[in-house]
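Descriptive analysis of the structure
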Amino acid sequence: MEHYQEIISRRPREAADLLEIIRDVQASAGCVPEAAVSEIARHLNLSEADVRGAVTFYHFFSLSPRGRYTVYLNTSITSWMAGRADVARAFEEEAGCLFGETTPDGLIGLFSTSCIGMNDQEPSAIINGTVFTRLTPQKARHLVRAMKTGRDVRDLVAEYGDGANQSDLVRAMVSNNIRRRGPVIFGPFEPGAAVRKVVSCAPEEVIREIKEANLLGRGGAGFPTGLKWEFCRKEKAGSRYVVCNADEGEPGTFKDRIILTELPQLLFEGMVVAGYAIGASEGLLYLRSEYSYLRARLESVLESMRREKLLGPEVAGHPRFRFDISIVSGAGSYVCGEESALLESAEGRRGEPRNRPPFPVEIGYRGRPTTVNNVETLCTAAKVVVHGAPWFRSMGTAKSSGTKLLSVSGDCERPGLYELEFGLSVQELLDIAGARDAFAVQVGGPSGTCVPRQDFRRKIAFEDLPTGGAVIIFGPWRNLFEIVKNFMDFFIEESCGWCTPCRVGNSLLKQKLEKITGGRGTRRDLNDLEAWGKVIRAMSRCGLGQTSPNPILTTLQNFPELYEAAVDPKADFAADFDLGEATLEAARLAGRLPELEGASHD
Amino acid sequence: MTKIAFTIDGRSYKAEAGQTILQAAKANDVYIPTLCNYDGLKPVGSCRICTVRVSGRYMASCTQILAAGMAVETSVLDLEDMRRSIIEMLFVEGNHMCPMCEKSGNCELQALAYRYQIMAPRFPYQFPVRRIEPLTSKLMLEHNRCIECQRCVRSVLAKDGRRIFVPQNRSKHRKIGVDAALAAELTDEEARKAMDTCPVGAILRKEVGFAVPIGRRKFDAGPIGGDAGQGPQR
């Protein structure tokens, strides 16, 4: 273990390096001890509160020890559906501590974490940066026993996954599960083709082509990419930035992981295309911490592109186009997928969204005009440059051109990645994935819509069911309320807490739902659920807060019969708690039992 | 300065280009309630009480720049009730015991509750367990009352510009963290200013809490919003 003083002093005295320093200290010491907080603050001329503020924002940083082996077990709904409860118990029993704790000897820490992008191979966990998928209680016990003998977790990966997961630089047990290769992302691609093509055009032509292709952002928001690039190019500035958002954190999505694993060069060429179009010379890949195991390989692809002159001072021989890409890592925070929060994080601060306007295309990374694009969007842009807008528009629907990568998980025979043309119906997707008796499909992850069976003819397209690509399928034996509670827990955990409605409101919404599922609900409570959810939707500051009540609002709308059945139709009001039950212990201690109407004493 | 035309609740006004909706409203003597906002500090849009509606879209008037022709809705029933919700959320989130609070009568959260005629919140009290932090010989931090407005984060700085108050954690665990060493260097005057800037009784100057008796405090003289109006309808 390297001493943290050396780690800190080696770094430049730039506040933008704060998260990188914290990351190194955390990796070396298992936490950021108080003495390191002071040292970092002194080194960067920040207040200690600033340093602690950054450490405590991110899930994978901690002020207190998390163990020499730190287990982060995924909490996404498919993890529970695949047996997370038993796996968690096995970890706890074998390690001798509960989740949220570290063993007394400091060897093992057990923690829960939000979706790590492995929804098609749950339950999964990250242990000291190494991903373990398809865990069983037996495997969990085996892992803990191996940790107790001091083995390196990387040596515990028994079998590697397919494709580049087997590469020497990755060596991951992760599976790609590519079920359907479509014509855009997985169509034939000659390395270097997009870069060579783009430098032969004028930047304005490139933007025109992307606009004509009607390429809409693939992260889920669907903003026109060509327009974003045009806004960014029009800003008067000495320098501009391309930032690739590789922070897919929506529970259920994993499509970008497969691009980062199998098609990194296509992605980087897409960044070059964007850089050329907007007039940038620097690109930044913001890689979610959960995918850090791919970083070494991504760096090596960048290195080979530099050797091929596809990056560097004169890209593809263009005398005036200089462009290079660097990688920055996240540290465990869903909200950092929001573009302005991502930029805050990339600049070394707490990943809290900025107030907009100004938008990143005006004032973005380091105060410069910046285009932030999703991984899939940039890959698609590279293909549009090579094959042209008409080719792209020939696929999909009139309003949603091209194809979409869908991350399919849950109750189906073939979970995994599907590249399909926009416009297919939910039912068609279910047929392809082998889900015969689905009763609900979550399209777009928890922030999206829960689609009921009678709406399975609805189409996956921006004009009907827009989605970043997460599709979670639920069979009729699933309890919808448990699913909704899991999604609400996710938003409660991942809220940055900046604004009131998101910070406070979601806990209140979940409590109200628990009142109903606990058998104390009335019609009035259903009305409250809807009204409170609408306050959070309307009043929250960023996209996270504005979509956070969706698990409740969309199921209230689409599954009203389940909610109606859960409440007492005749009661006008019921208290939030049972008074007799709540005072029972105190009454017993006092040696008397109160005579309360409706109270259940024993 | 170019003036641009806009409307608030159907009435026509003019304001200077580049102003926020809140500034433009204020310049035209239209009251929009605020809490985290503070004159001279960069707006953060954290409390959301100043939210208005423009063409069906909700936006915080403290951070949104006015555009020509905007039709701003503010004193409408449903919006006012959403604001009331937010105030109630702030009350149930912490532990606000007005009768024993040093800031009673000077507290903007309390004053807004009066303006919005809040008798009891619609939400269940959360009764969080929070500490009182004895910061320095002059200051203490009453976490029970903090509403995360970030006024202290923005206004109380060390001589070299470093932040003394910084948010810690996230989600409902978010709280204000303090650099103890830097806080100890605050002068009497700066400590008093820190207390006065806090809209509630979270940052307290020790030993002066009740120097001005209740009954002769800021909002004892007149309601928040200044217009002495009835406040929004219920």
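Reading the values: rules and limits
- Residues numbered from 1 in each chain as written.
- Chains lettered and ligands numbered in written order.
- Predicted model: local features only at pLDDT ≥ 70, side-chain atom pairs only at ≥ 80, totals over all residues.
- Helix = DSSP H or I, 4+ residues; strand = E, 2+ residues; numbered from the N terminus.
- Rg over C-alpha atoms; globule rule 2.2 N^0.38 Å.
- Buried ≥ 20, exposed ≤ 12 C-beta atoms within 10 Å, placed from the backbone.
- Contact = placed C-beta atoms within 7 Å.
- Pairing = 2+ DSSP bridges.
- Axes fitted to C-alpha atoms, helices over the stretch in contact; angles between N-to-C directions.
- Core = buried A, V, L, I, M, F, W, Y, C linked by C-beta atoms within 7 Å.
- Domains from an automatic or database assignment.
- Nonpolar A, V, L, I, M, F, W, Y, C, P; charged D, E, K, R; others polar.
- pLDDT = per-residue confidence, 0-100.
- Parallel < 35°, antiparallel > 145°, perpendicular 65-115°, else oblique.
- Left-handed = near helix turned anticlockwise from the far one by under 90°.
- Expected span 1.5 Å × (residues − 1).
- Arc of directions from axis to C-beta.
- Right-handed = clockwise from strand over helix to strand, strands pointing away.

**Let's talk about the overall build of chain B**
Assigned secondary structure in chain B consists of 7 helices and 10 strands. In summary, chain B has a C-alpha radius of gyration of 18 Å against a globular reference of 17 Å for 234 residues, a match within 12%. Expressed along its principal axes, the backbone C-alpha trace of chain B runs to roughly 50 × 45 × 35 Å. Residues classed as buried in chain B amount to 43% of the 234 residues present. The contacts in chain B between residues at least 6 apart in sequence include a share of 63% that link residues at least 24 apart.

**Describing the sheet that holds strand β10 (residues 370-374) of chain A**
Residue and element names in this part refer to chain A. Ordered in space as β9-β8-β7-β10, the 4 strands form an open sheet in which the pairing is parallel. Among the strands making up the open sheet, the edge pair consists of β9 (324-329) and β10. On average, each strand axis in the sheet is inclined to that of its neighbour by 25 degrees, with strand direction left out of account. Summarising the sheet, strand β7 (residues 241-246) and β10 pair through 5 bridges and their orientation is parallel.

**Section: the nonpolar core**
Residue and element names in this part refer to chain A. With 218 residues, the main nonpolar core has Val71, Phe91, Val243, Cys244, Leu267, Val272 and Val273 as its most contacted residues. The residues touching Val273, leaving out its near neighbours within four places in the chain, are Ala194, Val198, Val206, Ala381, Ala382 and Val385. With 24 residues, the next largest nonpolar core counts Tyr4, Ile7, Ala41 and Phe57 among its residues.

**A closer look at the domain arrangement of chain A**
On domain assignment, one finds that chain A holds domain 1 (4-57), domain 2 (69-158), domain 3 (178-393), domain 4 (403-474) and domain 5 (480-566). Each partner contributes to the interface: domain 2 of chain A provides 14 residues, whereas domain 3 of chain A provides 13 residues.

**Structural notes on the interface of chain B and chain A**
Listed per partner, the contact involves 34 residues of chain B and 31 residues of chain A. Residue assignment for the side of chain B that touches chain A shows that the elements contributing at least two residues are α2 (77-93), β8 (165-168) and β9 (175-178) of chain B. For the side of chain B that touches chain A, the leading source of residues is α2 of chain B, giving 6 residues. Partitioned by chemical class, the residues of the side of chain B that touches chain A number 16 nonpolar, 9 polar and 9 charged.

**Description of the sheet that holds strand β10 (residues 203-205) of chain B**
Residue and element names in this part refer to chain B. Taken in spatial order, the 3 strands make up an open sheet running β6-β7-β10, and their pairing is antiparallel. Since the sheet does not close on itself, it has two edges, and those belong to β6 (132-133) and β10, each with one partner. Most of the contacts of helix α6 (residues 188-197) go to β10, to which it runs at about 135 degrees, and overall it touches β7 (139-142) and β10.

**Some thoughts on helix α3 (residues 108-115) of chain B**
Think of an α-helix as turning once every 3.6 residues; residues three or four places apart then point the same way. Residue and element names in this part refer to chain B. Most of α3 sits out of view: 7 of its 8 residues are buried. Those residues of α3 lying buried are Glu108, Leu109, Gln110, Ala111, Leu112, Ala113 and Arg115. Considering only its buried residues, α3 is in contact with α2 and α7 (218-221). One or two steps after α3, the chain reaches Gln117, where phi turns positive at roughly 50 degrees.

**What to know about the environment of Gly543 of chain A**
Residues and elements named next belong to chain A. In this fold, Gly543 is placed in helix α21 (residues 543-547). Among the residues examined, Gly543 registers 18 C-beta atoms within 10 Å and is labelled partly exposed. Taking the C-alpha atoms as reference points, Gly543 and Val335, separated by 208 residues in sequence, lie 8.8 Å from one another.

**Focus: the confidence of the model for chain B**
Residues of chain B with pLDDT of at least 70 account for 97%, and the chain-wide mean is 94. Model confidence for the complex is summarised by a pTM of 0.96, with the ipTM given as 0.96.

**Some remarks on the packing of helix α19 (residues 500-520) of chain A against helix α20 (residues 523-539) of chain A**
Residue and element names in this part refer to chain A. Look at α19 against α20: their axes get within 10 Å of each other, and the N-to-C directions meet at 165 degrees. As judged from the angle between their axes, α19 and α20 are roughly antiparallel. Both α19 and α20 take part in a crossing whose hand is left-handed. Contact with α19, carried on its side by Pro501, Cys502, Gly505, Asn506, Leu508, Leu509, Lys512, Leu513, Lys515 and Ile516, involves Asp525, Asp528, Leu529, Trp532, Gly533, Val535, Ile536 and Met539 of α20 and no other residues of that element. Residues of the contact of α19 with α20, tallied by class, amount to 11 nonpolar, 3 polar and 4 charged.

**Let's talk about helix α13 (residues 295-307) of chain A**
Residues and elements named next belong to chain A. Helix length check: α13, at 13 residues, gives a terminal C-alpha distance of 19 Å against a target of 18 Å (1.5 Å per residue), a fit within 8%. Buried within α13 are the following residues: Arg297, Leu298, Leu302 and Met305. Buried residues of α13 fall within an arc of 145 degrees about the axis and therefore sit on the same side. Of the exposed residues in α13, those oriented more than 90 degrees away from the buried face are Glu303, Ser304 and Arg307. Positive phi shows up at Lys309, right after α13, with a value of about 60 degrees.

**Describing the domain arrangement of chain B**
Residue and element names in this part refer to chain B. When its domains are assigned, chain B resolves into domain 1 (3-75) and domain 2 (85-207). A straight line from the C-alpha centre of domain 1 to that of domain 2 covers 26 Å. Contacts between the two partners involve 11 residues from domain 1, matched on the other side by 14 residues from domain 2. Tallied by class, the residues present in the side of domain 1 that touches domain 2 amount to 8 nonpolar, 1 polar and 2 charged.

**Quick look at the packing of helix α3 (residues 34-44) of chain A against helix α4 (residues 48-57) of chain A**
Residues and elements named next belong to chain A. At their nearest, the axes of α3 and α4 sit 8 Å apart, and the two run at 115 degrees to each other. Of the two elements, α3 crosses α4, and the hand of that crossing is right-handed. For the pair α3 and α4, the contacting residues are Val37, Ser38, Ile40 and Ala41 in the first and Glu48, Asp50, Val51 and Arg52 in the second. A breakdown of the residues in the contact of α3 with α4 according to their chemical character gives 4 nonpolar, 1 polar and 3 charged.

**Considerations on the pairing of strand β8 (residues 282-287) of chain A**
Looking along a regular strand, one sees the side chains alternate between the two faces of the sheet. Residue and element names in this part refer to chain A. For β8, the buried fraction is high: 6 of the 6 residues fall into the buried class. Where burial is concerned, the two faces of β8 agree: the one with Glu282, Leu284 and Tyr286 and the one with Gly283, Leu285 and Leu287 are both buried. Note that the unit made of β8, α13 and β9 has a crossover that is right-handed.

**Side note on unusual backbone geometry**
At the junction of Glu122 of chain A and Pro123 of chain A, the peptide bond is cis and its omega measures out at -10 degrees in the coordinates. With respect to the helices and strands, Pro123 of chain A occurs in the loop between β3 (108-113) and β4 (125-127). Following Arg356 of chain A, the chain continues into Pro357 of chain A via a peptide bond in cis, with omega recorded as -5 degrees. A positive phi is found at Asp9 of chain B, a non-glycine position, where the angle reads about 50 degrees. Take Asp9 of chain B: there are 12 C-beta atoms within 10 Å of it, and that puts it in the exposed class. Unlike most non-glycine residues, Glu148 of chain B shows phi in positive territory, near 60 degrees. The class of Glu148 of chain B is buried, set by 24 C-beta atoms lying within 10 Å.

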